[in-house]
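For reference, the chains in residue letters:
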Amino acid sequence: MALQRNVHLTLVLGPARSGKSEWAEALAQRSGQPVTYIATAIVTADDPDWQARIQQHRRRRPPDWRIQEVPIELAQAIAQAPANTCLLVDSLGTWLANLLTQGGESWEDSESQLLSSLEAAHAHVILVAEEVGWGVIPAYPQGRQFRDRLGHLVRQVGAIAGCVYLVTGGYALNLSQLGVAIPHPLAPPGKPFDSVK
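We now turn to the structure provided with this report. (Residues numbered from 1 in each chain as written. Predicted model: local features only at pLDDT ≥ 70, side-chain atom pairs only at ≥ 80, totals over all residues. Heavy atoms only, no water.)

## Let's talk about the overall build of the protein chain
- The secondary structure content of the protein chain amounts to 7 helices and 9 strands.
- Here the C-alpha atoms of the protein chain give a radius of gyration of 16 Å, agreeing with the 16 Å that 2.2 N^0.38 yields for 197 residues.
- With the C-alpha coordinates aligned to their principal axes, the bounding extent of the protein chain is approximately 50 × 45 × 35 Å.
- Counting all 197 residues of the protein chain, 44% fall into the buried class.
- When the accessible area of the protein chain is evaluated, it comes to approximately 10800 Å², of which 55% is carbon and sulfur surface.
- Counting 16 positive and 18 negative side-chain charges, the protein chain places the averaged centre of each group 7 Å from the other. (Helix = DSSP H or I, 4+ residues; strand = E, 2+ residues; numbered from the N terminus. Rg over C-alpha atoms; globule rule 2.2 N^0.38 Å. Buried < 20%, exposed > 50% of the residue type's maximum accessible area, 1.4 Å probe, protein only. Areas by Shrake-Rupley, 256 points an atom, 1.4 Å probe, with all protein chains shown as cover. Lys, Arg positive; Asp, Glu negative; His and termini not counted. Charge placed at Lys NZ, Arg CZ, Asp CG, Glu CD.)

## Section: the pairing of strand β2 (residues 35-39)
- By the criterion of burial, β2 is predominantly enclosed, with 5 of the 5 residues buried.
- The alternating pattern of β2 places Val 35, Tyr 37 and Ala 39 and Thr 36 and Ile 38 on opposite faces, both of which are buried.
- Bridging between β2 and strand β3 (residues 66-69) involves 4 bridges; their strand directions are parallel. Paired with Tyr 37 across the strands is Ile 67, a residue of β3.
- After leaving β2, the chain enters helix α2 (residues 48-60) and then returns to the sheet as β3, a path that is right-handed. (Pairing = 2+ DSSP bridges. Right-handed = clockwise from strand over helix to strand, strands pointing away.)

## Notes on the packing of aromatic side chains
- The tally for this structure, following the rule as stated, stands at 2 aromatic pairs.
- Here Trp 23 and Tyr 165 contribute two aromatic rings whose centre-to-centre distance is 5.4 Å and whose plane-to-plane angle is 75°, an arrangement assigned as edge-to-face. Pair noted here: Trp 23 is in helix α1 (residues 20-30) and Tyr 165 is in strand β6 (residues 161-168), with a separation of 142 residues, a long-range link.
- According to the relative accessible area criterion, Tyr 165 is buried, its value standing at 14%. (Phe/Tyr/Trp six-rings, centres within 6.5 Å; stacked < 30°, edge-to-face > 60°.)

## Regarding the layout of surface pockets
- In this structure, the second largest pocket occupies an estimated 850 Å³ of space.
- Along its surface, the second largest pocket is lined by 34 residues, and Trp 50, His 57, Ser 91, Thr 94 and Glu 130 are the ones closest to its centre.
- Within the residue set of the lining of the second largest pocket, elements represented by two or more residues are α1, β2, α2, β3, α4 (92-98) and β5 (124-130).
- Examining the composition of the lining of the second largest pocket, we find that 7 residues originate from one element, α2, more than from any other.
- Taken together, the residues of the lining of the second largest pocket break down into 14 nonpolar, 9 polar and 11 charged. (1 Å grid on protein atoms, 1.4 Å probe; cavity = no way out; pocket = protein on both sides within 12 Å on 5 of 7 lines; lining within 4 Å. Points joined across faces, edges and corners; volume = space filled by probe spheres on them. Nonpolar A, V, L, I, M, F, W, Y, C, P; charged D, E, K, R; others polar.)

Function-wise, these values are silent; they only describe arrangement.
Structure (structure tokens):
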């Protein structure tokens, strides 16, 4: 698959409680466009802690934002969004967790569809994603699978995003300005390292 950067795509990465969602929300407000908040979480009645976290996010949203609950069909929601709108997707890790039972080929299809929709998106898409690979290797297979799939997906999204932020300790760093892009395995041969524009 040839990789194409999409200037309308912003990736916001960070660990838990880092401020990544708040930064993504600030970027969406600054866009000056009508915002649709895409919530990927599945709300369950038997998990009060998860419900409390969702409520915290809901309280921060401006009342004029449109809300879409999209736990599975994320690629379709992105593809259908019109130009001159802003989609805030929170979060990529939650969406992936919803699909964790997919086998290898099925997951690769879901991943490919999402990446294709992000490459072709006409709306301004702000995508929140968790950074989970800085800790110890999970001791159980499903935890390792989640970490590996998310790390791989985040790297591919970063390769096509027009702008990538890392949020940690309450600060947002623009990696697109500060970092150097690592060559993607599918990129055409050329210079070994190119600065991210």
